[in-house]
Amino acid sequence: MITSYQSTSKWLAVVPVVAMLTFVVAPALNIFIISLNFDSFAILTAQTTRSVVWFTMWQAIISTIVVVFFAIPIAAVTANFDFFGRRALISLISVPFILPTVVVGVAFLEFLPTSIHQSASAIIIAHIYFNFGLVVRIISSRWQQINPDLDDVARTLGASRTRLFLTVTLPLLKNSLRSAGLLVFLMCFTSYGVVRILGGPARSTIETEIYFRAMQLGDVSGALILSILQLVVVGVLILLTTQFGTTKSAELSQMVFSRIRKPQTSGQIIFITSVASISASVVIMPLVSVVRRSILIGQKINFSIWHSIFTDEEIFKSLMTSLEYAVLTIIVSTTIGLFGACAVIYGSARYRFLNLLTALPVVVSAVTLGLGLIITFDVNPIDWRGAWLMMPIAHCLVAIPIVTRIISPTIRDLPNGLRDASQTLGATTWQMWRTIDLRIIKPALVSAAAIACAVSLGEFGASSFLVRRNNETLPLMISRLLGRPGEIIQAQAYAIATLLIVACVVIIGVVDHLGTEKH
Amino acid sequence: MLDCRNLVVTYESTPVLQNLSIYIDAGEIVALIGPSGSGKTTLLRCIAGLEVVDSGTIHLNGEEITTRSANLRRIGLVFQDNQLFPHLNVARNISYSLKIQGMKQKLIDEKVTEALELVGLTHLSQREVFKLSGGEAKRIAVARALVAQPKVLLLDEPLSGLDKELHARLLDDLGNLLRLRGTTAVHVTHDQHEANAIADRVLDIRNLMSY
Amino acid sequence: MSASINKKYFKNLILGTVLLAVIASACAKGSTKIDSSTDQTQASSQSENSDPITLTLLAYDSFTPSENIFDEFTLATGVKVEIALGGDAGELVTKASITAGNPQGDVLWGVDNTSLSRAIDAKIFSAYKTKNIDELDETALNMVAQNEVSPVDTGDVCINYDVRWFADRKIAPPLTLRALTSANYANLLVVPSPISSSPGLAFMLATIAEFGESGWSAYWEQLKRNGLLVVSGWNEAYYTEFSGSSGKGDRPIVVSYGSSPPAEMIYASPKPDTAPTAVAALTCYRQVEFAGVLRGTKHEREAQLLIDYLTGIKFQEDLPLTLFVYPANTKAKLPAEFLKYSLRPELPLQLDPKLIAERRTAWLDTFTNTVLR
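Predicted model only: the values in this text are computed from it and were never measured. (Residues numbered from 1 in each chain as written. Chains lettered and ligands numbered in written order. Predicted model: local features only at pLDDT ≥ 70, side-chain atom pairs only at ≥ 80, totals over all residues. Heavy atoms only, no water.)

Visitor: Got a sec to walk through the interface of chain A and chain C? Specific residues and values, please.
Guide: The partner chain C presents 56 residues to the 54 residues of chain A that form the contact. Summed over both partners, the interface of chain A with chain C buries about 5,000 Å², with 55% contributed by carbon and sulfur atoms. Applying the counting criterion to the chain A and chain C interface returns zero salt bridges. For the interface between chain A and chain C, the tally reads seven residue pairs in polar contact (both at pLDDT 80 or more). Of all the elements in the fold, those that place two or more residues in the side of chain A that touches chain C are α1 (8–35), α4 (101–109), α8 (193–199), α9 (206–216), α13 (313–346), α15 (366–376), α19 (474–482) and α20 (487–518) of chain A. Among the elements that take part in the side of chain A that touches chain C, α20 of chain A stands out by supplying seven residues, more than any other. Here the side of chain A that touches chain C is composed, by residue class, of 27 nonpolar, 14 polar and 13 charged. (Contact = heavy atoms within 4.5 Å. Buried area = accessible area lost by both parts, 1.4 Å probe. Salt bridge = Lys/Arg side-chain N within 4 Å of Asp/Glu carboxyl O. Polar contact = N/O pair within 3.5 Å; in protein donor to acceptor, adjacent residues only side chain to side chain. Helix = DSSP H or I, 4+ residues; strand = E, 2+ residues; numbered from the N terminus. Nonpolar A, V, L, I, M, F, W, Y, C, P; charged D, E, K, R; others polar.)

Visitor: So what's going on with the packing of aromatic side chains? Which residues, and what values?
Guide: All names here are of chain C. Counted according to the given criterion, the structure contains 31 aromatic pairs over all chains. Considering the side-chain rings of Tyr60 and Phe63, the 6.4 Å spacing of their centres and the 85 degrees angle between planes classify their relative orientation as edge-to-face. Given the relative accessible area of 7%, Tyr60 is considered buried. Centre to centre, the rings of Phe166 and Tyr185 are 6.2 Å apart; their planes meet at 65 degrees, and the pair counts as edge-to-face. Placement of the pair is Phe166 in helix α6 (residues 163–168) and Tyr185 in the loop between α6 and β6 (189–192), with a sequence separation of 19 residues. (Phe/Tyr/Trp six-rings, centres within 6.5 Å; stacked < 30°, edge-to-face > 60°. Buried < 20%, exposed > 50% of the residue type's maximum accessible area, 1.4 Å probe, protein only.)

Visitor: Describe a negative patch on the surface, listing the residues and the values that go with them.
Guide: All names here are of chain B. Judged by side-chain charge, Asp109, Glu110, Glu114 and Glu117 come together as a negatively charged surface patch. Here Glu114 lies in helix α3 (residues 105–118). Overall, the relative accessible area of 43% leaves Glu114 in the partly exposed class. (Patch = residues over 30% accessible without salt bridge, like charges linked within 9 Å, V, L, I, M, F, W, Y side chains within 5 Å. Areas by Shrake-Rupley, 256 points an atom, 1.4 Å probe, with all protein chains shown as cover. Lys, Arg positive; Asp, Glu negative; His and termini not counted. Charge placed at Lys NZ, Arg CZ, Asp CG, Glu CD.)

Visitor: Give a description of the interface of chain B and chain A that names residues and reports values.
Guide: Taken residue by residue, the interface counts 26 residues in chain B and 22 residues in chain A. Summed over both sides, the interface between chain B and chain A buries roughly 2,100 Å², with carbon and sulfur atoms accounting for 61% of that surface. Counting the surface chain B buries against chain A, the share from its top three residues, Asn71, His87 and Tyr96 of chain B, is 27%. Remark: the boundary between chain B and chain A carries one salt bridge. The partner of Arg45 of chain B in a salt bridge is Asp152 of chain A, and the shortest N-O contact between them spans 2.9 Å. The element contributing the most residues to the side of chain B that touches chain A is helix α2 (residues 90–100) of chain B, with four residues. When grouped by side-chain class, the residues that make up the side of chain B that touches chain A number 15 nonpolar, six polar and five charged.

Visitor: Tell me what's going on with the sheet that holds strand β6 (residues 75–78) of chain B, and back it up with residues and numbers.
Guide: Strand pairing in a sheet relies on backbone hydrogen bonds. The paired strands run either parallel or antiparallel. All names here are of chain B. The five strands lie next to each other as β6-β7-β8-β3-β9, forming an open sheet whose pairing is parallel. Each edge of the sheet is formed by a strand with only one pairing partner; in this case those strands are β6 and β9 (201–204). The mean inter-strand angle of the sheet, taken between neighbouring strand axes irrespective of direction, is 20 degrees. Against the sheet, helix α5 (residues 164–181) engages β3 (29–33), β7 (152–156) and β8 (184–188), with an angle of about 165 degrees to β7. (Pairing = 2+ DSSP bridges. Axes fitted to C-alpha atoms, helices over the stretch in contact; angles between N-to-C directions.)

Visitor: Would you mind going over the side chain of Asp151 of chain A in detail, with residue names and values included?
Guide: All names here are of chain A. Tracing the backbone through its elements, the reader meets Asp151 in helix α6 (residues 148–156). Of the polar contacts made by the side chain of Asp151, one reaches the side chain of Arg259; its length is 2.5 Å. Once you skip the residues sitting within four places of it in the chain, Asp151 turns out to touch Ile146, Leu164 and Arg259.

Visitor: Which residues make up the pattern of salt bridges, and what values do they have?
Guide: All names here are of chain A. All chains considered together, the criterion is met by 18 salt bridges over all chains. Its salt-bridge partner being Arg259, residue Asp151 comes within 2.5 Å of it at the nearest N-O pair. In this pair, Asp151 is assigned in helix α6 and Arg259 in the loop between α10 (220–244) and α11 (266–295), connecting sequence segments 108 residues apart. We classify Asp151 as buried; its relative accessible area is 12%.

Visitor: An account of helix α7 (residues 161–189) of chain A is needed here, citing residue identities and associated values.
Guide: Helix length check: α7 of chain A (29 residues) gives 35 Å between terminal C-alpha atoms against 42 Å at 1.5 Å per residue, more than 12% under. At Lys174 of chain A, α7 of chain A shows its largest kink, close to 55 degrees. (Expected span 1.5 Å × (residues − 1). Bend = angle between axes of the 7 residues up to and from the residue.)

Visitor: Explain the state of the cysteines to me, and be specific about the residues and the numbers.
Guide: Residue and element names in this part refer to chain A. Enumeration according to the criterion identifies one disulfide over all chains in this entry. In this structure Cys396 is a free cysteine whose sulfur lies 12 Å from that of Cys453, the closest cysteine sulfur available. For Cys396, a relative accessible area of 7% translates into the label buried. (Disulfide = S-S within 2.5 Å.)

Visitor: Mind laying out helix α8 (residues 234–241) of chain C, listing which residues take part and the relevant values?
Guide: Helical geometry note: an α-helix holds 3.6 residues per turn, so side chains three or four residues apart project in the same direction. The element α8 of chain C is extensively covered by neighbouring structure, given that eight of its eight residues are classed as buried. Residues Trp234, Asn235, Glu236, Ala237, Tyr238, Tyr239, Thr240 and Glu241 of chain C constitute the buried set of α8 of chain C.

Visitor: I'd like to hear about unusual backbone geometry, residue by residue, with values.
Guide: The phi dihedral of Asn82 of chain B falls on the positive side, at around 70 degrees, and the residue is not glycine. When its relative accessible area of 12% is taken as the criterion, Asn82 of chain B is described as buried. Phi at Lys170 of chain C is positive, roughly 55 degrees, even though this residue is not glycine. With respect to the helices, strands and loops of the structure, Lys170 of chain C is situated in the loop between α6 and β6. Looking at Lys170 of chain C, the relative accessible area reads 75%, which means it is exposed.

Visitor: Help me get a handle on the packing of helix α7 (residues 198–225) of chain C against helix α13 (residues 353–372) of chain C, residues and values and all.
Guide: All names here are of chain C. In the contact formed by α7 and α13, the axes pass within 11 Å of each other and the chain directions differ by 25 degrees. By the angle between their directions, the pair α7 and α13 is classed as roughly parallel. The handedness of the crossing between α7 and α13 is left-handed. Residue-level contacts link Leu201, Met204, Leu205, Ile208, Glu213, Trp216, Ser217, Trp220, Glu221 and Lys224 of α7 to Leu355, Ile356, Arg359, Arg360, Trp363, Leu364, Thr366, Phe367, Thr370 and Val371 of α13. Taken together, the residues of the contact of α7 with α13 sort by class into 12 nonpolar, three polar and five charged. (Parallel < 35°, antiparallel > 145°, perpendicular 65-115°, else oblique. Left-handed = near helix turned anticlockwise from the far one by under 90°.)

Visitor: Just give me the short version of the pairing of strand β2 (residues 14–24) of chain B, but keep the residues and values in it.
Guide: Residue and element names in this part refer to chain B. Looking at chain direction, strand β1 (residues 2–11) and β2 are connected through seven bridges and run antiparallel. Paired with Leu7 across the two strands is Leu20, which belongs to β2. Hairpin geometry of β1 and β2 is characterised by an intervening segment of two residues between the two adjacent antiparallel strands and by a positive phi of about 50 degrees at Glu12.

Visitor: Give me the lowdown on the pairing of β3 of chain B, citing residues and values where you can.
Guide: All names here are of chain B. In terms of burial, β3 is a largely internal element, five of the five residues being buried. Covered by surrounding structure in β3 are Ile29, Ala31 and Ile33 together with Val30 and Leu32, the residues of both alternating faces. As defined by bridge partners, β3 adjoins β8 across four bridges and the pair is classed as parallel. Bridge pairing links Ala31 to His187 in β8. Two strands pair when backbone bridges link them, and β3 and β9 are joined in this way by four bridges, in the parallel orientation. Following the sheet pairing, Ile33 is matched in β9 by Asp204.

Visitor: Can you break down the confidence of the model for chain C residue by residue, with the values?
Guide: Residues and elements named next belong to chain C. In this model, chain C carries an average pLDDT of 84, and 86% of its residues clear a pLDDT of 70 or more. Overall, residues 28–49 carries pLDDT values under 50, and its contacts beyond four positions in sequence, including any with other chains, amount to 18 contacts. Here the predicted complex scores 0.79 on pTM and 0.82 on ipTM. (pLDDT = per-residue confidence, 0-100.)

Visitor: Break down a nonpolar patch on the surface for me, citing the residues and quoting the values.
Guide: Residues and elements named next belong to chain A. Side chains of Trp11, Val14, Val15 and Val18 sit close together on the surface and give an oily, nonpolar patch of about 390 Å² of accessible area. Along the chain, Val18 turns up in helix α1. Classification of Val18 as partly exposed rests on a relative accessible area of 47%.

Right under this line is the structure:
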């Protein structure tokens, strides 16, 4: 508990609590109460349910393990060596995480040999694609907080580089490995688009099963039961790991060391080159495929689609809508995330529940959330369902968990001495917050804002449940176009997808550029 | 025993070590002084193998080790801020090099006890490193380096930042320890008095270079 | 040092201005939008002077009628029509079911015969007998004895095949469902899963109609042994795996629509001489789509007028080239490409919607166990 802000937690907590209660808890409870039907509990014992749960579990576990293994060498390279294109590489590998699945999904299929087209392997590979960048960033930035002198000491004591990694580096990275792992596990456990598109009809996770039950079979009650099941599993996991994750980070100092050196041996150069080129190509190939499909019509290069993209009124409207929603999402979700993160860290243990509360949108399945929203906000005078505001609200809900998690560590790690110093120099609480806390966490705020922007631009889950009139966003448009016949229309979809990709790349580039400038 | 000839290290077109030569006899304690930025740390790192010289040779007991990997040189280094492994307790810190050498656990335990006795801190064997006081941490760092039986021990301003009393006491203990074991040592410091007190020979790094 | 401060200042300035501009435009847009959607009029009959009513027509994502198709309706009645998209057909029905009585729109377009029973049981609609009822397809009308909804279009889900592929190899293309199990056609068929795809479901129902409840799973076992490929969606089946369309896949036989061959012709550039794909007429399953007035709408009379318009000649004649379906209104004229390139089977396969509603879950489970696992 940070004594400087003793009473502020109360006020800071109000906004996130109200927002979450109104837009997540209430709708969820509402749909449960209205549609839940106790006969449907039988679904939990059905054979299909058990195999679905089992599949969801093991594909998430394997995906997580493989992602981490894939990420560690890349983190090793980015945390320790200086090479041409280092910063570009870090930005590049972050792009897949914010790309919407609908954009890349089908293009991905081109790169997988047909034999694994509809298999768990395809799902796992796709999970690696979308998540490894996140793990690399988390691990790499933690790695850079390990004093390079420690490495040197170990070497003078006789440790080879491998031994050094295993006995010094890995133990010190343990905490961040754990939190990165948990994050990836959650994403893979609740992943929907990847499973639908790449797993083929035979692979079903809890999330796709929820969707199928509700939408195709009309069995909303059964779907809700599955959704409760998912909520329980995910909730338990989050609780468990956040409890254990609070071991002291006194081990690592808050500073980032300059571990980055030019490679010294040819072995290192080979290692860096191969890791960098493999990870870069992995990221780029599906994206190139998307671009290619936007200009290749009937086996011939044809740029006419691109011309129509920039002149088409409908597309321009979607673009504007997406941008407007993105700005709103940035402002609202960053604010709520900031308040939530601050309330938890400044306050006593009582406020810990906010961690789970702000993570709710991840935990509650998109179907539950979407359906809940449309039956909750339908009572006059608040029939907001058609209202323009609902969709950005849905975007914010999806962005808040991520924003909170980006901002939290920086507030937590802020040395309290700085606040004490500012108080002895006469600052009021508000001034202190503004000049110390906000100033120091600004890079994280900017990152969080940019990620919120990307989330909003690519959001496709909960918002697809809302009825859309004149307010279609780009990803919804892409999905709609992909479902229609006609090569030209398909190419248009890919062209819009390319725009989204470019937007994501730019955003990541901006975030990283601003981030490094601050140091 | 340790023979460095014409070492040249340039960093971003600024020369750091210019044709530096130094020779140290077995069992000698040499103090290396000089103003900050004169290359003392760089020299130590080159000797330890943590940095590669641009040109010149380093020989240890007649063997050339100029390009040998740091973990194979048996040259120890004690840092100014100790650099104890935060995730290991005192005993494990000390035994780190012994495990690498493949020593059996029983023997390791004996050696660790021996090392702790040498620095008078046997009661701290299971202590977590962040709970050690400044003086205790220093001694553990030295014990850790010594237990590995290095051919040469390099110390980079090991006693800076300590209060006068602790400084005097540790300086005394360090000197006794090194002489007791007959360790060949290079002790870098900016404090002339410290240099005189501990060393057989005091060298100014600037005098070792030829321009 | 000062150069970088200037740069930073300008960057912030530009960023701030852009942000402000976007927010301003968003707020302006937002206020007009909120106005229009909370537009509540109490007048049930409108004169030229009162506030114009806007009806919300809920439809699936692929609902793409011609741009100004509702202008004539607005001219005649003074009522505007706004299209609201709600996902695919299945989603549409589910969303409508849970909001029954308090709907998100006024008219729903897109319930098909496979989900008809579910929709009627959920009491989504308010019955209305359209004035065009005599012109509408009789078989379709028989499905809705109580006029809960009106049929608006029909289509067929059939086996499509790549004409050139078979011609090149001098193999006769498959003409019946039974033929697909023959070794001649091994590893050539791709089918979207009935679980996630509406045409996939229609195809599964076709096999149930053809082989009966006792024989259809054996049929699928044979298909599976014959190298059947099942994918998640029609999009993937048709545009990635099928050799006869833009994806240039490996499989020359696919489940698609009776209107896919004309679509290939219309969208192909340059135009080929003969249709690149064709339909096996004996494998077709009839799909009928309906539109109805949503129960609880505040503009019941206007909604009914819209249903009349949707089943009227003008709108119906727009359907073939926009939605690639056949008009339900028998008096509507078909465009030339349709007459030339598509085949309307006389006796398509069909199942009773009530039976479908009852047995669907069981059938899908059987399918999962037989084919997918």
